[in-house]
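Below, each chain spelled out in residue letters.
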Amino acid sequence: METWVLYAIFSLFTAGIFNFGYKVITKRWYNTSYTSFFTYLSAAFFSGLYYLYTYWDSLYVFSWYIILFFAFGNTFFFFLSTLSRVKALYNVDTVIFFPIYKTFFPILMTIFSFFILNENLNWKEFLWIIFWIAVPLLLITKSENVLQKNLKLGLILIILTSIFTAIATIFSKILILKELNLDFFIFVALLVWTFFSAVSYKIFDKKSKQSYSKKGIFPFAIALWFIQFISFYTFAYALKWNLAIVVTINSFSILIPIILSVIFYKEEMTRKKAFVIFLSIVSVILFI
């Protein structure tokens, strides 16, 4: 198995656990920006130590200003996707959010990969991607409109989350194509993410009349940064290969928060939803 496939598979597991963290945030009634601040502050600190340890004898970074631009763009849109993701999870269950998100996001990435980057796909890979992204559409039914808090608003937020995440991923892919320092990019991106979280909390959330819980938030945030750093790092290195395929493999991570939400938060798992998840698993196994 090629190295990029291992990176992609490892990133999907850590991304899945990290995405379940968003569900925990909504269930524990944490403030998203407040939690993100401590999460990314910790991640930026340790990624900075890793960068210094790796490049201590040559700290000057070629084209650092370009890396700053890409890190800022990547983080800005990822942070927007974080906010819209949490808002969406207030309105729909994870068994709806993640499969639908997994449909829209890979579509956007496949279009960019094929038409803009001119990355080639053979017929087997193309059919596999179509099958993989189409299966979750079976989850949108009239009955779900009754079960969910606000299915229509949730779907709008899922589409916004997909668009924001796609733009953020494009920044990462272009940086890799330019063969710039990826470790420095990760450090700066996490540092900028800390800044955005602090600004969002101070300007918007502090003025909100909404009351949030802080019980157990610090150990939760510290655990979350570790998972996020590994997920971000492995996904970024996997992007050195075909964008559409890497993103599609990574989207397999949607199964983890769904399963964990059913186990820990007793979300409804119908036979139809279970069948959709089963088809998703089969499609990935057949590809790998």
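Above this text is the structure in question.
Let me begin by describing the structure that accompanies this report. (Residues numbered from 1 in each chain as written. Predicted model: local features only at pLDDT ≥ 70, side-chain atom pairs only at ≥ 80, totals over all residues. Heavy atoms only, no water.)

## Some thoughts on unusual backbone geometry
What counts is decided by this rule: By definition, any uninterrupted DSSP run of H or I lasting at least four residues is a helix, any uninterrupted run of E lasting at least two residues is a strand, and each is numbered from the N terminus. Only protein chains enter the area calculation, which uses a 1.4 Å probe; residues under 20% of their type maximum are buried, those over 50% are exposed, and those in between are partly exposed.
Unlike most non-glycine residues, tryptophan 29 shows phi in positive territory, near 60 degrees. Along the chain, tryptophan 29 falls in the loop between helix 1 (3–28) and helix 2 (32–55). Tryptophan 29 gets classed as partly exposed once you look at its relative accessible area, which sits at 33%. One non-glycine residue, glutamate 179, lies in the positive phi region at around 60 degrees. Here glutamate 179 lies in the loop between helix 7 (151–177) and helix 8 (182–205). The class of glutamate 179 is exposed, set by a relative accessible area of 72%.

## Brief notes about the packing of helix 2 against helix 3 (residues 64–91)
The cut-off we apply is this: Angular values range over 0 to 180 degrees, each being the angle between N-to-C directions of two axes fitted as lines to C-alpha atoms, with helices fitted over their stretch in contact. Just so you know how the angles are binned, under 35 degrees is roughly parallel, over 145 roughly antiparallel, 65 to 115 roughly perpendicular, and the rest oblique. In a left-handed crossing the near helix is turned counterclockwise from the far helix by less than a right angle, and in a right-handed crossing that turn is clockwise. Throughout, a contact is declared for two residues whenever any of their heavy atoms are within 4.5 Å. Three residue categories are used. Nonpolar comprises Ala, Val, Leu, Ile, Met, Phe, Trp, Tyr, Cys and Pro, charged comprises Asp, Glu, Lys and Arg, and polar comprises the others, including Gly.
Two elements in contact, helix 2 and helix 3, have axes separated by 11 Å at closest approach and are oriented at 135 degrees. Compared by their axis directions, helix 2 and helix 3 come out oblique. In the crossing of helix 2 with helix 3, the sense of the turn from one axis to the other is right-handed. The segment helix 2 lies against helix 3, with Thr32, Ser33 and Ser36 engaging Phe79, Thr82, Leu83 and Val86. Classifying every residue of the contact of helix 2 with helix 3 by side-chain character gives three nonpolar, four polar and no charged.

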